[in-house]
Amino acid sequence: MMLDRAAGRRAPTHLPGRQKALTMAGAVLALFLASLGQIIVATALPGIVADLGGFESYTWVATSYVLASAIAIPISGRLGDIHGRKLIFVLGIAVFLVASAACGFSLTMTQLAAARAVQGIGGGVMLSVGFVAVADLFPPEERGKQHGLNSLVFGMAALIGPLLGAYLTEHASWRWIFFLNVPLGLPVLLLIARVYPKIESEEERRSTDYLGMAALALAVAAILLALTWAGVQYEWSSPQIIGLLSFGLAMAVGLVVVESRAESPIMPLEIYRERVVAASLAMVFLAGSALYAGVIFVPLLLQAGLGVSATGSGAYLTVMVLCMVFAMVLSARFLSTRNPRYRFVGVAATGLTAVGMYLIATVDPDANITRAAASVAVVGAGVGGVLATVLLAVQNTVPFENVGAATAAVQFYRQVGGMLGLAALGASMAVRFSAEMEEAVSDAAGGDGFPEQLEAIREDPAILLDRAEVVALGLPDALLDALRSTLASAVGHTLAICAAAVALSVVAALFLGAPPRAHAPARRPPS
């Protein structure tokens with residue numbers, strides 16, 4: 001790294017063209033493996049449970065990865081700033097590969113969930129450092145193109161993952177969804193170890209903030225566990241959920257106190273003083289809720305309200321993912337200038353997200369598939385524009401010594417915002433459905449003769465979309481139609497709330513602007 005004295009900060013590392021290309025290839029492949037690791041297991045879970053048993057641990061196979069990844073992302077981002085990203089990157093990939101092998105050799109669901117947690121730590125490191133690599137290697141006017149490439153990788157993982165997981169489970173073994181990571185990941189590990197530049201931190205204080213790391217891990221774990229369990233394993237008002245949320249919030253407050261006093265904090269509070277960074281994190285936090293709501297609730301609405309099949313609703317999600325990737329690439333390229341218009345793209349993207357979510361929420365049974373597909377496409381385009389804008393705005397604003405922590409914060413707030421939004425929206429939908437269900441049952445003929453079946457539906461409305469479950473219940477067709485209509489209404493109301501929340505991100509986008517001149521990254525030094 002070299003220092004631009006006029007700008008007061010280091011310039012991106014200048015590497016020979018071949019080394020730079022190989023370094024980015026390694027980073028992109030690492031991002032692909034980490035993204036695939038989170039998604040691929042979804043369609044394999046039924047086969048895993050059938051083989052290992054332990055249905056009570058079903059959700060932990062997915063939850064443990066997400067939880068560990070959320071904790072690892074901000075920690076690894078900052079450790080890379082302090083101790084150099086090459087070391088952290090190599091360790092993260094190594095942990096991911098070892099844990100992948102352990103997942104494949106697991107004999108019980110408990111072993112698999114534990115191995116998935118360790119795999120999530122490695123995956124979180126790979127996601128964090130993989131994005132920061134762009135800032136290490138390229139000046140601001142070139143970063144947009146590289147992040148566009150990263151977007152394509154995410155899109156490919158989202159589209160390939162579920163299909164690959166189902167194929168391997170059916171034609172080989174579910175264990176191969178984990179074993180496959182080893183031959184794919186070893187070349188990536190060797191490539192990063194060989195070609196990634198060794199960038200030393202210029203900070204004089206290189207101490208590790210262990211207390212901050214512990215407070216962050218405890219806060220995130222407690223809050224995310226509460227959100228995962230609430231309304232599923234425990235009531236929202238139960239001592240377990242209230243206790244976890246209270247402990248998590250206490251740890252979050254403790255984290256702020258610790259970080260304000262730490263010599264080299266794991267989450268430096270100074271990055272939040274930048275108006276562009278604060279606005280960007282608020283945007284991605286709210287956009288995260290739209291992304292998660294789209295993946296979870298839109299298929300529910302389409303199946304209940306329009307009668308779309310499960311396969312058909314998956315096609316709609318494919319449209320959303322493709323539009324999201326396209327918008328990320330397009331937005332990133334548009335912002336790859338020396339005078340990027342963050343505010344313009346940010347307002348347009350957040351506005352599109354809110355409008356698209358509202359259009360989906362107001363889809364009625366008489367709507368044609370074209371309108372539904374268009375609405376989903378608008379949401380995808382909006383979210384993609386938001387993600388590209390905030391990532392570039394943050395990386396091009398903060399001093400280089402904080403770029404790892406700031407980039408990790410974008411990923412962290414997107415993930416936490418999505419889970420918080422999903423929990424709140426899920427609770428809202430359950431309350432709305434339960435309230436409207438009473439009226440639907442009283443209006444439908446024969447609605448009072450199936451108390452046990454109706455209670456089961458109240459606890460799990462998704463039963464209405466499973467043909468085998470519906471046949472087993474033996475409910476009259478008129479009652480089933482009324483209940484499906486009620487479910488569609490409740491989901492639509494929930495998505496309307498999401499649209500209103502996302503609309504607040506438009507306000508946050510108004511605070512975006514060009515990075516301060518004092519923070520403009522320097523141009524690359526001559527070779």
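Thresholds applied
- Residues numbered from 1 in each chain as written.
- Predicted model: local features only at pLDDT ≥ 70, side-chain atom pairs only at ≥ 80, totals over all residues.
- Heavy atoms only, no water.
- Helix = DSSP H or I, 4+ residues; strand = E, 2+ residues; numbered from the N terminus.
- Buried < 20%, exposed > 50% of the residue type's maximum accessible area, 1.4 Å probe, protein only.
- Contact = heavy atoms within 4.5 Å.
- Areas by Shrake-Rupley, 256 points an atom, 1.4 Å probe, with all protein chains shown as cover.
- Phe/Tyr/Trp six-rings, centres within 6.5 Å; stacked < 30°, edge-to-face > 60°.
- Lys NZ or Arg CZ within 6 Å of the ring centre and 35° of its normal.
- Core = buried A, V, L, I, M, F, W, Y, C linked by side-chain atoms within 4.5 Å.
- Axes fitted to C-alpha atoms, helices over the stretch in contact; angles between N-to-C directions.
- Parallel < 35°, antiparallel > 145°, perpendicular 65-115°, else oblique.
- Left-handed = near helix turned anticlockwise from the far one by under 90°.
- Nonpolar A, V, L, I, M, F, W, Y, C, P; charged D, E, K, R; others polar.
- Expected span 1.5 Å × (residues − 1).
- Patch = residues over 30% accessible without salt bridge, like charges linked within 9 Å, V, L, I, M, F, W, Y side chains within 5 Å.
- Salt bridge = Lys/Arg side-chain N within 4 Å of Asp/Glu carboxyl O.
- Lys, Arg positive; Asp, Glu negative; His and termini not counted.
- Charge placed at Lys NZ, Arg CZ, Asp CG, Glu CD.
- Polar contact = N/O pair within 3.5 Å; in protein donor to acceptor, adjacent residues only side chain to side chain.
- pLDDT = per-residue confidence, 0-100.

Caption draft 1: The overall build of the protein, seen in detail. Looking only at helices and strands, one finds 18 helices and 2 strands in the protein. Here the protein, with 527 residues, has 55% of them falling under the buried criterion. Contacts spanning at least 24 positions in sequence make up 82% of the contacts within the protein whose residues lie at least 6 apart. Carbon and sulfur atoms provide 65% of the accessible area of the protein, an area that totals close to 22,100 Å².

Caption draft 2: Fine view of the packing of aromatic side chains. Considering all chains together, one arrives at 8 aromatic pairs under this definition. Just above the ring of Phe344 sits the side chain of Arg341; from NZ or CZ to the centre is 4.6 Å.

Caption draft 3: Fine view of the side chain of Thr494. Mapped onto the elements of the fold, Thr494 is located in helix H18 (residues 477-509). For Thr494, a relative accessible area of 0% corresponds to the buried category. Setting aside residues up to four positions removed in sequence, Thr494 forms contacts with Leu425, Ser428 and Met429.

Caption draft 4: Summary view of the environment of Ala30. Residue position: Ala30 is located in helix H1 (residues 17-39). On the basis of relative accessible area, Ala30 is assigned to the buried category, the value being 0%. Taking the C-alpha atoms as reference, Ala30 lies 8.5 Å from Gly123; in sequence the two are 93 residues apart. When sequence neighbours within four positions are dropped, the list of residues in contact with Ala30 reads Phe89, Ile93, Met126 and Val188.

Caption draft 5: Summary view of the nonpolar core. With 154 residues, the main nonpolar core has Ile48, Phe89, Ile93, Ile457, Leu483 and Leu495 as its most contacted residues. If one sorts the elements of this core by residue count, helix H11 (residues 275-305) sits on top with 17 residues. Excluding anything up to four places from it in sequence, Phe89 contacts Ala27, Ala30, Met126, Val129, Gly130, Ile192 and Tyr196.

Caption draft 6: Layout of the packing of H11 against helix H14 (residues 369-395). One can describe the packing of H11 onto H14 by two numbers: an axis separation of 9 Å at closest approach and a directional angle of 155°. Our classification of the angle between H11 and H14 gives roughly antiparallel. With respect to the hand of their crossing, H11 and H14 are arranged in left-handed fashion. Of the residues in H14, those in contact with Val276, Val277, Ser280, Met283, Val284, Ala287, Ala290, Leu291, Val298 and Leu302 of H11 are Ala372, Val376, Val383, Val386, Leu387, Val390, Ala393 and Val394. For the contact of H11 with H14, the residue count by class is 17 nonpolar, 1 polar and no charged.

Caption draft 7: Seen up close, helix H10 (residues 239-261). An ideal rise of 1.5 Å per residue puts 33 Å on 23 residues; H10 measures up with 33 Å between its terminal C-alpha atoms. Of the residues making up H10, those classed as buried are Ile241, Leu244, Gly248, Leu255, Val258 and Glu259. Buried-residue contacts for H10 involve helix H9 (210-229).

Caption draft 8: A look at a negative patch on the surface. Together, Glu235, Glu459, Asp460 and Glu469 line one region of the surface with negative charge. Structurally, Glu459 can be placed in helix H16 (residues 451-459).

Caption draft 9: Examining a nonpolar patch on the surface more closely. Residues Val95, Val118 and Ile121 make up a contiguous nonpolar surface patch of about 210 Å² in total accessible area. One can find Val95 in helix H4 (residues 85-104). In this structure Val95 comes out as partly exposed when scored by relative accessible area, which is 32%.

Caption draft 10: Structural view of the environment of Glu455. Its location among the elements puts Glu455 in helix H16. What makes Glu455 partly exposed here is its relative accessible area of 36%.

Caption draft 11: View of the pattern of salt bridges. Counting across every chain of the model gives 5 salt bridges. Residues Asp81 and Arg85 are paired through a salt bridge, measuring 2.8 Å at the closest nitrogen-oxygen approach. Taken as a pair, Asp81 and Arg85 share a single burial class, namely buried. In this structure, the salt-bridge partner of Arg85 is Asp136, at a minimum N-O distance of 2.7 Å.

Caption draft 12: A look at the packing of helix H6 (residues 140-171) against H14. Between H6 and H14, the shortest axis-to-axis distance is 11 Å and the interhelical angle comes to 140°. Viewed along their axes, H6 and H14 adopt a mutual orientation that is oblique. Of the two elements, H6 crosses H14, and the hand of that crossing is right-handed. On H14, the residues touching Arg143, Gly144 and His147 of H6 are Leu391, Leu392 and Gln395. The class makeup of the residues in the contact of H6 with H14 is 2 nonpolar, 3 polar and 1 charged.

Caption draft 13: How the structure looks around the side chain of Arg78. Relative to the helices and strands, Arg78 resides in helix H3 (residues 60-83). Within polar-contact distance, the side chain of Arg78 engages the backbone oxygen of Glu401 at 3.2 Å.

Caption draft 14: The environment of Leu317, seen in detail. Of note, Leu317 is situated in helix H12 (residues 310-334). Residues Leu317 and Ile296 lie 21 residues apart in sequence; the distance between their C-alpha atoms is 9.7 Å. Setting aside anything within four residues of it in sequence, one finds Leu317 in contact with Gly294, Val295 and Pro299.

Caption draft 15: Geometry of the confidence of the model for the protein. The share of residues in the protein with pLDDT of 70 or more is 88%, and the mean pLDDT across the chain is 81. Mean pLDDT across the secondary structure elements of the protein bottoms out at strand S1 (residues 2-4), with 41, and peaks at H4, with 93. pLDDT under 50 marks residues 1-9. Its contacts with residues more than four places away, or in other chains, come to 29 contacts.

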